[in-house]
Amino acid sequence: MRGFLSRFRWFPPIALWTASASNPYLPLRTMGTSSEASDEKHQSDKHDLVAVSAKEVDTAAELASGEQGEVDPEEALRVRRKIDKHILPLMCILYWIQFMDKTTLGSSAILGIREATHLSTNQYNWLGTIFYLSYLAFEFPQNLCLQRFPVGKWMSFNIFIWAIALSTHAACKNFAGLFVVRLILGVCEGSITAGFMIVSSMFYTRREQTLRVGYWFLMNGTAQIISGFISFGALHIKTKSFEPWQWLMIITGILTLFTALAFWFLFPDSPTNAWFLTPAERSIAVRRIKENQTGVENKHFKKEQMIEALLDPKTWLFALFSALDNVPNSLTNQRQIIVSSFGFTPLQTTLLGCVDGVIEIVTIYTGVNLAARWPDSRAYVAFVYFIPNIMGVFLINFLPWSNKVGLLFGQWTTGVGTTGFVLSLSWLSSVTAGHTKRVTVNAIMLSAYCIGNSAGPFMWQAKYKPRNHIPWIIIGICYVCCMVLLLAIRYVLSSENKRRDNEPIDDTYDDVYIERIGKDGETEKVRVDKEFLDLTDIQNRDFRYVL
């Protein structure tokens, strides 16, 4: 890790540039002005000033460069509230919509889709799996598109396609038709969580990210409640040509279409061009996240950052956690079938599904607030929230089958640990810097999420019914492994922080400038803070990992 950076410490910038024609740092020799003479005299004691191509630095570099002093806390708070007002409701609505749409398959299971389309148990499981396989196959391309194109517009495009695919579920008569539309849903959803992770890191500080990621993720619970009532209403729609499950698809498809239109016109692509912020407020929005040392974004793909992401151990620790934590997520499409097997009627099963949503809302809300209140507590909070999941697995495996209330309670408690995955998403965004590295790590994390979700449905075989002991034992093992991984990740990051605390000060990137046209029409050079150089968390030795 430090071996790579040592090359930059021993050679002056001119040597770096001559060593590689592609190096973006170029020596400045003739750009000084009288007002900068004293500053250049000071810099000459160290090395030449360095100019950098605009494509190499963060998009916020020019906006934030030249600004002196700290941001006024009251102004920063006012801007943050303005950001919350304009983007957080849209993010929450979309995450509610995407989860509701994703779980329409599970809701439709008790509304007649399996009988109407003649699905076997294995075919039904494949419909859950193909969603995540297509999500997996297109996750990295989706992340590259999120870097290349405006984030808000790209997500809007995907939501629109997804709305059409969801509505066409109602026209499907067999497994093949459902297979195709579920595949399309998976392709489109790959942009949403990845896009939200990028947007959260663009607009919010690391502490704020923990809360905001929790707020939009807990909409999964809201979706379960609202979806339950929509399913309840669809169950009572009596038409000759359309069955209740078809009405469910049409209703949710229309809601998704409206959301796509709202995102296209209202959701910003970046704090540097947010339509609801004035130029001065955009500068404040960028400067207030300076403490993240992750910048806003960079549209230029950097191969070296992708390679660094692949070689970084923490990337794979987070990925392993994501995969194991989402094997139990196969319960998303199985929950209502399992509850129904306890002896509840379709109507009771539909309404009881709302309780899962309430549990998810309460646990995520409390979990992210605890993690935000106590510094460096993400791993510990997530660890504690996994304990009820273990308890739930034991209850379901050992309670008498006649105790349906106890079994139902056991299943509900397995939803508490969702908080761990939510914290891991915000944690990953907070400990990764460099835009290309960030989108690469996000893609790997969410690809692992897909692998876990793809493998999970095949646990639920007819031969294990009704108790499903084998699936529940696998789920319990996954939860225990996740608890161990959380502590391992914390140990690795804490050790790296201590190592960096003992390193000498690194001034490699202290004197980097960009050129811009001043108000008088003259070209001027402006110093770019290290935080906006699009450095990775490994390149920037001042970067400290939150725990």
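Residues numbered from 1 in each chain as written. Predicted model: local features only at pLDDT ≥ 70, side-chain atom pairs only at ≥ 80, totals over all residues. Heavy atoms only, no water.

K.L.:
Would you explain the overall build of the protein chain in this entry?
P.N.:
Of the regular secondary structure elements, the protein chain holds 24 helices and 4 strands. Sequence-distant contacts in the protein chain: of pairs separated by 6 or more residues, those separated by 24 or more amount to 82%. (Helix = DSSP H or I, 4+ residues; strand = E, 2+ residues; numbered from the N terminus. Contact = heavy atoms within 4.5 Å.)

K.L.:
Is there a simple way to think about the pattern of salt bridges in this case?
P.N.:
Per the counting criterion, the structure on display carries 18 salt bridges. For Asp269, the salt bridge goes to Lys153, with nearest N and O atoms at 3.8 Å. Separated by 116 residues along the polypeptide, Asp269 in the loop between helix H14 (244-266) and helix H15 (279-287) and Lys153 in helix H9 (residues 151-167) bring together distant segments of the chain. Owing to a relative accessible area of 13%, Asp269 belongs among the buried residues under this scheme. By relative accessible area, Lys153 is classed as partly exposed at 26%. (Salt bridge = Lys/Arg side-chain N within 4 Å of Asp/Glu carboxyl O. Buried < 20%, exposed > 50% of the residue type's maximum accessible area, 1.4 Å probe, protein only.)

K.L.:
So what exactly am I meant to see when it comes to the packing of aromatic side chains here?
P.N.:
How two aromatic rings sit relative to each other is set out by the distance from centre to centre and by the angle between their planes. For the coordinates displayed, the defined rule picks out 25 aromatic pairs. When the ring of Phe321 is compared with that of Phe386, the centres are 6.2 Å apart and the planes differ by 80°; the resulting orientation is edge-to-face. Of this pair, Phe321 sits in helix H17 (residues 313-326) while Phe386 sits in helix H20 (residues 378-398); the two residues are 65 residues apart in sequence, bridging distant segments of the chain. The exposure class assigned to Phe321 is buried, which follows from its relative accessible area of 0%. Exposure remark for Phe386: the relative accessible area of 0% places this residue in the buried category. Taken together, the ring pairs in this structure connect Tyr95, Phe131, Tyr132, Tyr135, Phe196, Trp216, Phe217, Phe263, Phe267, Phe421 and Tyr449 into an aromatic cluster. Between Lys153 and the ring centre of Trp264, over which it is positioned, the NZ or CZ distance is 5.7 Å. (Phe/Tyr/Trp six-rings, centres within 6.5 Å; stacked < 30°, edge-to-face > 60°. Lys NZ or Arg CZ within 6 Å of the ring centre and 35° of its normal.)

K.L.:
Please clarify how helix H10 (residues 175-189) should be interpreted in this entry.
P.N.:
What sets the pattern is the α-helix's 3.6 residues per turn: residues three or four places apart point alike. The end-to-end C-alpha separation of H10 is 21 Å, in line with the 21 Å expected for 15 residues at 1.5 Å each. Looking only at H10, the buried set comprises Leu178, Val181, Arg182, Leu185, Gly186, Val187, Cys188 and Glu189. (Expected span 1.5 Å × (residues − 1).)

K.L.:
Quick question: what am I supposed to make of the environment of Gln461 here?
P.N.:
Relative to the assigned elements, Gln461 resides in the loop between helix H23 (435-455) and helix H24 (469-501). Looking at Gln461, the relative accessible area reads 25%, which means it is partly exposed. Sequence spacing of Gln461 and Thr121 is 340 residues, and the spatial spacing of their C-alpha atoms is 7.5 Å.

K.L.:
Got a minute to help me understand helix H16 (residues 303-311) in this structure?
P.N.:
Where H16 is concerned, the buried positions are Gln305, Glu308 and Ala309. Buried residues of H16 fall within an arc of 100° about the axis and therefore sit on the same side. Turned more than 90 degrees away from the buried face of H16, the exposed residues are Lys303 and Leu311. In this fold, the buried residues of H16 make contact with H17 and H23. (Arc of directions from axis to C-beta.)

K.L.:
I tried to follow the packing of helix H13 (residues 219-235) against helix H19 (residues 346-373) on my own but got confused; where do I start?
P.N.:
Helix packing geometry: the angle between the two helix axes and the distance between the axes. Running from N to C, H13 and H19 cross one another at 165°; their axes reach a closest spacing of 6 Å. As judged from the angle between their axes, H13 and H19 are roughly antiparallel. Here H13 and H19 pass one another in a crossing that is left-handed. The segment H13 lies against H19, with Asn220, Gly221, Thr222, Gln224, Ile225, Gly228, Phe229, Ser231, Phe232 and Leu235 engaging Leu347, Thr350, Leu351, Gly353, Cys354, Asp356, Gly357, Val358, Glu360 and Ile361. (Axes fitted to C-alpha atoms, helices over the stretch in contact; angles between N-to-C directions. Parallel < 35°, antiparallel > 145°, perpendicular 65-115°, else oblique. Left-handed = near helix turned anticlockwise from the far one by under 90°.)

K.L.:
Just checking my understanding: could you explain a nonpolar patch on the surface for this structure?
P.N.:
Together, Phe160, Ile164, Ile254, Leu257, Phe258, Leu261, Trp264, Phe265, Leu266 and Trp275 make up a nonpolar patch on the protein surface, roughly 1000 Å² of accessible area in all. At the level of elements, H9 and H14 are the ones that each hand at least two residues to the nonpolar patch. It is H14 that provides the largest number of residues to the nonpolar patch, a total of 7 residues. Structurally, Leu266 is set in helix H14. (Patch = residues over 30% accessible without salt bridge, like charges linked within 9 Å, V, L, I, M, F, W, Y side chains within 5 Å. Areas by Shrake-Rupley, 256 points an atom, 1.4 Å probe, with all protein chains shown as cover.)

K.L.:
I keep staring at the packing of helix H8 (residues 121-148) against H9 and nothing clicks. Help me out?
P.N.:
Axis separation between H8 and H9 bottoms out at 7 Å; the angle between their running directions is 135°. Judged by the angle between their axes, H8 and H9 are oblique. Remark: the crossing between H8 and H9 carries right-handed chirality. Residues Gln142, Cys145 and Leu146 of H8 pack against Val151, Trp154, Met155 and Asn158 of H9. Class assignment of the residues belonging to the contact of H8 with H9 gives a composition of 5 nonpolar, 2 polar and no charged. (Nonpolar A, V, L, I, M, F, W, Y, C, P; charged D, E, K, R; others polar.)

K.L.:
I would appreciate a short explanation of the nonpolar core in the present structure.
P.N.:
Here is a general trend for soluble globular proteins: nonpolar side chains tend to be buried in one another's company. Ile87, Phe196 and Trp427 are the most contacted members of the largest nonpolar core, which has 129 residues in total. Ranked by residue count, the leading element in this core is helix H5 (residues 73-102), at 14 residues. Other than its neighbours up to four places away in sequence, Phe196 contacts Met91, Leu94, Tyr95, Met155, Trp216 and Phe263. (Core = buried A, V, L, I, M, F, W, Y, C linked by side-chain atoms within 4.5 Å.)

K.L.:
What is the right way to read unusual backbone geometry from this model?
P.N.:
For residues other than glycine, phi is negative in most cases, and the peptide bonds are mostly trans. Positive phi values are uncommon outside glycine, yet His118 reaches one of about 60°. For His118, a relative accessible area of 63% gives the class exposed. Of note in this structure, Asp376 is not a glycine but carries a positive phi near 55°. You can see Asp376 is positioned in the loop between H19 and H20.

K.L.:
Explanation requested: the environment of Asn369 in the structure shown.
P.N.:
Position of Asn369 among the secondary structure elements: in helix H19. Owing to a relative accessible area of 26%, Asn369 belongs among the partly exposed residues under this scheme. Expressed as a C-alpha distance, the spacing of Asn369 and Thr210, which sit 159 residues apart in the sequence, is 8.0 Å. Excluding residues within four positions of it along the chain, Asn369 makes contact with Leu211 and Tyr215.

K.L.:
Looking at this model, I keep getting lost on the side chain of Ser191. Mind explaining?
P.N.:
The topology assignment puts Ser191 in the loop between H10 and helix H11 (192-203). Engagement of the side chain of Ser191 in a polar contact is seen with the backbone oxygen of Cys188, the distance being 3.0 Å. (Polar contact = N/O pair within 3.5 Å; in protein donor to acceptor, adjacent residues only side chain to side chain.)

K.L.:
Help me understand the side chain of His86, please; the structure alone is not making it clear to me.
P.N.:
As for its placement among the helices and strands, His86 is situated in helix H5. Within the local environment of His86, its side chain forms a polar contact with the backbone oxygen of Lys82, the two atoms lying 2.9 Å apart. Beyond its immediate sequence surroundings of up to four residues, His86 is in contact with Trp275 and Phe276.

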